[in-house]
Amino acid sequence: MQQSFMKTRPILPLVLSMSLPMVLSMMVSSLYNIVDSYYVARISEDAMTALSLVYPVQNLINAVTIGFSVGANAVISYHLGAQETRKANAAAAQSVVWNVLHGLVLTVVCIAVMPAFLRMFTQDAAIVDMGVRYSNIAFLFSVVIAASMSLEKIFQATGRMMLTMVCMMSGCVANIILDPVLIFGLGPFPEMGIEGAALATGIGQVLSLLIYLGCYMTHRIPIRIRPGRDMLDRSITKRMYAVGVPATLNLALPSLLISCLNIILAGYSQVYVLVLGVYYKLQTFLYLPANGIVQGMRPIVGYNYGAREYGRVRRIFFTGLALSAGIMVAGTVLCWAVPGSLIGLFSTNAETIAAGSTALRIISIGFIISSVSVISCGALEGLGMGGPSLLISLLRYAVLIIPAAFLLSRVLGASGVWHAFWVTEAVAAAVSWGICRRKVFSGQTMENTET
């Protein structure tokens, strides 16, 4: 199958055909996150709090493995667009090797630090115990996650979005089915509690990896992963990390943010810590589908830039922005219309539902404008510009929001933390637009990184 469709097909149908499989996959992944948390919440509110505290470290593992794969995706797409197949193959092979090593290191380090990490936020021995029990199992699958992410981005770089959708959805659906079975011990299975939730997630990840491998062996794609001298090309490694490290930091920054906000909120009540955790589960229904738009857009942007189709790059950007904004409009309406019902999925405590409803209404003010930053980061990564993308994420997840949350909480109490979200999104969107006008729309991209 030739890759030229990426530069010849009309833009809206192209973006939709590349993005919709990813959006559907992300929605199923979002459903998995909600279902997983729903069943854990049925164990106890302490179990849900433990899951919320473990989440930043889980996100860090995903950030490292996905972020490096994003770097590989950008490099592979660019070389395919430039008709440099050998370099694209070398980037694919390197991405798998390096990412598996990343997974091994993350397994050891994250399991080792979890007890101390959890005690930073709570002195409740039951919560710490459940968090450690969950993470000890979940983190054992870091290598599986790393290998899956590499193969996912390789398939995406070649435009095989339907295959990626099948692989991703298979693991998520398996996880959704296994959650109640392993948590509560249905049928012949023993009741495992919070460890069952971790094991269900791991089994789903293994299934996804096996299907990726099967698809690679049975489907012809223009990328082959094989050892050779090209794998030692340091310039390719350097370019993958040049995009992958900023992409990793982009994805890891929410972990830093959540940890910092947990410290602020814990000073008011443990209820607010739980509310923040619930919010981050719920917002996956918006930001993961929006990320599906980004995943569909990223290889098209990289390919068209490699093919020197600069006008198409700009039009792809605006198409992705419109689609992402539509998703955010729907999310804003839901958060204002039925916030209590959304929080009620995870708690029956009236105080928690009231606090969570207030949080959703305030935070959702910034949803629509956040589309500018989300799509800007994706476009910049697709063009190999990891630095500007990282700057935008630093603004959204650290430089602006953490000081704003601290200062506003001193004036408005815990609600000040929620107001910091929309204030930050407004400022970050303005900065993102300025960066894209100079970088994306003017054509200053990967060509500058090759010199």
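Our subject in this report is the structure included herewith. Everything quoted here is computed from the prediction, not taken from an experiment. Each residue is numbered by its place in its chain's sequence as written, counting from 1. Note on the predicted model: pLDDT of at least 70 is required for a residue's local features to be given, and 80 or more for side-chain atom pairs to be given and counted; whole-chain, interface and lining totals, by contrast, use all residues. Heavy atoms throughout the structure, all of them, feed into the side-chain values; hydrogens and water do not.

**Points about the nonpolar core**
Selection criterion: To form a nonpolar core, buried Ala, Val, Leu, Ile, Met, Phe, Trp, Tyr and Cys residues must be joined to one another through side-chain atoms within 4.5 Å. For each residue, the accessible area found with a 1.4 Å probe, counting protein chains only, is set against the maximum for its type, and the residue is called buried under 20%, exposed over 50%, and partly exposed in between. Segments assigned H or I by DSSP are reported as helices when at least four residues long, segments assigned E as strands when at least two residues long, and all are numbered from the N terminus.
I76, W418 and F421 are the most contacted members of the largest nonpolar core, which totals 138 residues. With 16 residues, the top contributor of residues to this core is helix α3 (residues 45-81). Residues Y32, V35, C172 and I176 belong to the second largest nonpolar core, which totals 5 residues.

**Some thoughts on the packing of aromatic side chains**
Counted only if it meets this: Note on ring pairs: Phe, Tyr and Trp rings are taken, using the six-membered ring of Trp, and paired if centres are within 6.5 Å. Classes follow the plane angle, with under 30 degrees stacked, over 60 edge-to-face and the rest tilted. Two thresholds decide whether a charge sits over a ring: the Lys NZ or Arg CZ must be within 6 Å of the ring centre and within 35 degrees of the ring normal.
Applying the stated rule across the entire model yields 13 aromatic pairs. Ring centres of F68 and Y241 lie 4.7 Å apart, and the angle between their planes is 50°; this geometry places the pair in the tilted category. Pair noted here: F68 is in helix α3 and Y241 is in helix α9 (residues 234-266), with a separation of 173 residues, a long-range link. Classification of F68 by relative accessible area gives buried; the value is 2%. Relative to F121, the ring of F117 has its centre 5.1 Å away and its plane inclined at 65°; by these criteria the two rings are edge-to-face. One exposure class covers both F117 and F121, and it is buried. Among the aromatic side chains, those forming a connected cluster through ring pairs are Y55, Y279, Y280 and F421. Above the plane of the ring of Y38 lies R42, whose end atom (NZ or CZ) is 4.6 Å from the centre.

**Quick look at the environment of I293**
Convention followed: Residues are treated as being in contact if the distance between any of their heavy atoms lies within 4.5 Å.
You can see I293 is positioned in helix α11 (residues 284-306). Residue classification places I293 among the buried residues on the basis of a relative accessible area of 4%. Residues I293 and A307, spaced 14 residues apart in sequence, show a C-alpha to C-alpha distance of 21 Å. Contact partners of I293, with chain neighbours within four places excluded, come to S19, V23, G320, L323, I327 and I375.

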